[in-house]
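Listed below, chain by chain, are the residues.
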Amino acid sequence: MPIDIRRFGVGHRRPDGPPGTTQVRGQVIESGALGAISELAFARGARIEPHTNPNPTWLVVIEGGGWVGVGEDRTRIAAGEAAFWPPDVPHAAWTEHSEMRAFVIEFAGSPSDAEALVEGRVEGHGSLGTPVARGVGHLAETIRPPRADPEAGEPA
């Protein structure tokens, strides 16, 4: 089976966001029956205006930082943090003096399903199972790909 590669980031982004959004560019990585995953890049002074969405959503910041709002609450958010946007509750994100990159993960299921996934629960027998203890398991053996063939146009 071929590996499905999705490109995103610099060179693949386009202006994105609900009406009123400024200085935000993004790229949908996957969208389907289960939900959507997108990458967003906020410039300095960027803004996603308050809006609602019928689906539970996570904003996962991977670089930089800014602000996030949910309902009447506002707080700073930085790389390594994620904010939950409940369905049908106004939410927003913006930057002031810094840039921010984030993934938006939107679930088509219920809010409890989305929260359980982030908490590290596993799916079992049609319903969400028990929490998985941290540090359980191990890394798989290293798979070494065959050496690249420059004559075949493969990357070195």
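Residues numbered from 1 in each chain as written. Predicted model: local features only at pLDDT ≥ 70, side-chain atom pairs only at ≥ 80, totals over all residues. Heavy atoms only, no water.

## Concerning the environment of Thr57
Structurally, Thr57 can be placed in strand 4 (residues 57-70). With relative accessibility at 2%, the residue Thr57 sits in the buried group. Sequence separation between Thr57 and Ala108 is 51 residues; the distance between their C-alpha atoms is 9.0 Å. Leave out the neighbours within four places in its chain, and Thr57 touches Ala83, Phe84, Trp85, Val104, Ile105 and Glu106. Within the structure, Thr57 has its side chain in polar contact with the backbone oxygen of Asn55 (distance 3.1 Å). (Helix = DSSP H or I, 4+ residues; strand = E, 2+ residues; numbered from the N terminus. Buried < 20%, exposed > 50% of the residue type's maximum accessible area, 1.4 Å probe, protein only. Contact = heavy atoms within 4.5 Å. Polar contact = N/O pair within 3.5 Å; in protein donor to acceptor, adjacent residues only side chain to side chain.)

## Quick word on the pattern of salt bridges
All told, the structure shown has 3 salt bridges when counted by the stated rule. A salt bridge links Arg47 to Glu49; its shortest N-O distance comes to 3.0 Å. Looking at Arg47, the relative accessible area reads 29%, which means it is partly exposed. Glu63 serves as the salt-bridge partner of Arg101, at 3.0 Å between the closest nitrogen and oxygen. Taken together, the residues span a long stretch of sequence, with Arg101 in strand 8 (residues 100-107) and Glu63 in strand 4 at a distance of 38 residues. What you see here is one network of salt bridges that share partners, running through Glu39, Glu63 and Arg101. (Salt bridge = Lys/Arg side-chain N within 4 Å of Asp/Glu carboxyl O.)

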